[in-house]
Amino acid sequence: MPLDQDHPVNSLGFAKPPAETRVVVAMSGGVDSSVVAAMLADEGYDVVGVTLQLYDHGAALAKKGACCAGIDIHDARRVAEEKGFPHYVLDYENIFQDAVIDEFADSYLAGATPVPCIRCNERVKFKDLLETAKDLDADCMATGHYIQRKMGDHGPELHSAADANRDQSYFLFSTTPEQLDYLRFPLGHLPSKNETRALAAKYGLSVADKPDSQDICFVPNGDYASVIEKLRPGAAEPGEIVHADGRVLGTHQGVIHYTIGQRRGLGIGGLSEPLYVVKLDVDQKQVVVGPKEMLATRVIPVREINWLGDEPFESRKEWHISVKVRSTRPPREAIIRPLGPDTAEVELLSPEEGVSPGQACVFYEPTGSRIFGGGWIWRGY
């Protein structure tokens, strides 16, 4: 679709009328993506709604809190009908199984704490779905994520959402510059979720009061262990709960039932000091516990780095920026030392507790809102 250089740039950044600008909206069935679709349709864009069926329909129908449930597909279709734009449901179950669920299970079995929502964005929504949007001759793809895309001197940049409470930058750090060029995030500038719901009411959407999704779509009620046992029968092998000093304190029914930093539910009461899970030794089938100070981590090995800075990642020996090692924690000052094009050692200026392999380490501008990418925490050598 050629650009009309004489036409003013529209709200999606194209120099042509909205009616001549096709945008695929990734619709989860929730209020956020529904508002994006309705808003763009109201502005006159050529909107095409696409919903992904990622997980078993029968199992999903019973889960009200999951973003990919069958009821959500119905809700997305209803919004498209209400606003008068085409809507497609794509069966991505096999892709999702291969790209997200299998790695999730294997990661958990290896003693890591994976974040499947990041892999889903990286390998499914912003890869396969984005290519599908291009096949539909769309100029861009829009989502309901709370993050901002701003134009900088070197092209589009990724920035945190205006509402820190809704910011989803931790889950989108692996967005590449090429993907960012094609993506749009119309809700990232809103000051709070109240404005989103107000827009839903304004457009008369049936999902205006729909609750936010809470669970990972294939992990109902947050029960990771039961999902792993279903995916990998026999995976929950019993073993010992061992103190860091070598004392055997008890037994467990499977390493998959524990996470780094866990204190409750260890079944080893009656001790003089509170103990936390400080290590998961899958090979020895041991859950290692110790005092809280053992959770403090200062140096973190990071790999699979997606760098979004203006200069090459290896152009400096050190980058002084801030990092997040869990989605719920604020960024901490750190020094990143590149060890290769996509590996680094991250030194936290103040130790962080409960750093776990399998989580993401996301890089932030210390005094602004820009995201410089990030990578995956692993055990190192």
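Remember, it's a predicted structure, so these values are computed and weren't measured experimentally. (Residues numbered from 1 in each chain as written. Predicted model: local features only at pLDDT ≥ 70, side-chain atom pairs only at ≥ 80, totals over all residues. Heavy atoms only, no water.)

So, the overall build of the protein chain
- Across its full length, the protein chain holds 8 helices and 17 strands.
- In terms of overall size, the protein chain behaves like a compact globule, its C-alpha atoms giving a radius of gyration of 22 Å where 381 residues would be expected to give roughly 21 Å.
- In terms of overall dimensions, the protein chain has C-alpha extents of about 75 × 50 × 35 Å along its principal axes.
- Out of the 381 residues belonging to the protein chain, those deemed buried represent 51%.
- Counting contacts in the protein chain only where the partners sit at least 6 residues apart, residues at least 24 apart contribute 62% of the total.
- Total accessible area computed for the protein chain in this model is approximately 17,600 Å², and 48% of it derives from carbon and sulfur atoms.
- The averaged location of the 55 negative side-chain charges in the protein chain is 4 Å from the averaged location of its 39 positive side-chain charges. (Helix = DSSP H or I, 4+ residues; strand = E, 2+ residues; numbered from the N terminus. Rg over C-alpha atoms; globule rule 2.2 N^0.38 Å. Buried < 20%, exposed > 50% of the residue type's maximum accessible area, 1.4 Å probe, protein only. Contact = heavy atoms within 4.5 Å. Areas by Shrake-Rupley, 256 points an atom, 1.4 Å probe, with all protein chains shown as cover. Lys, Arg positive; Asp, Glu negative; His and termini not counted. Charge placed at Lys NZ, Arg CZ, Asp CG, Glu CD.)

Observations concerning the layout of surface pockets
- Each pocket or cavity is described by its volume, and for the second largest pocket that value is around 410 Å³.
- Ile260, Val278, Val355, Pro357 and Arg379 are, among the 21 residues lining the second largest pocket, the residues nearest its centre.
- Secondary-structure elements contributing two or more residues to the lining of the second largest pocket are β10 (276–281) and β12 (296–307).
- Grouping the constituent residues of the lining of the second largest pocket by class yields 14 nonpolar, 3 polar and 4 charged. (1 Å grid on protein atoms, 1.4 Å probe; cavity = no way out; pocket = protein on both sides within 12 Å on 5 of 7 lines; lining within 4 Å. Points joined across faces, edges and corners; volume = space filled by probe spheres on them. Nonpolar A, V, L, I, M, F, W, Y, C, P; charged D, E, K, R; others polar.)

Some remarks on the nonpolar core
- One finds Phe96, Val124, Met141 and Phe218 to be the most contacted residues of the largest nonpolar core, which totals 48 residues.
- Contributions of two or more residues to this core are made by β1 (22–26), β2 (46–53), α4 (93–109), α5 (116–135), α6 (177–182), α8 (224–231), β16 (360–364) and β17 (371–377).
- Core analysis: the next-biggest nonpolar cluster, separate from the first, contains 30 residues, Phe14, Met27, Ala38 and Tyr203 among them. (Core = buried A, V, L, I, M, F, W, Y, C linked by side-chain atoms within 4.5 Å.)

Examining the sheet that holds strand β8 (residues 239–243)
- Spatially, β9-β8-β11-β10 is the arrangement adopted by the 4 strands of the open sheet, whose pairing is mixed. The open sheet is flanked by β9 (248–252) and β10, the only strands paired with a single partner. Within the sheet, the average angular offset between the axes of one strand and its neighbour, ignoring direction, is 30°.
- Judged from the 4 bridges that link them, β8 and β9 form a sheet pairing that is antiparallel. Considered in β9, the bridge of Glu240 is made with Thr251. (Pairing = 2+ DSSP bridges. Axes fitted to C-alpha atoms, helices over the stretch in contact; angles between N-to-C directions.)

A short note on the side chain of Arg326
- Tracing the backbone through its elements, the reader meets Arg326 in the loop between β13 (319–324) and β14 (332–338).
- The side chain of Arg326 sits in the buried core without any salt bridge; Glu352 is the nearest counter-charge, 7.1 Å away.
- There is a polar contact of 2.9 Å between the side chain of Arg326 and the backbone oxygen of Gly354.
- Among all residues touching Arg326, those that are not within four sequence positions of it are Tyr170, Ile260, Gly354, Ser356, Gln359 and Ala360. (Salt bridge = Lys/Arg side-chain N within 4 Å of Asp/Glu carboxyl O. Polar contact = N/O pair within 3.5 Å; in protein donor to acceptor, adjacent residues only side chain to side chain.)

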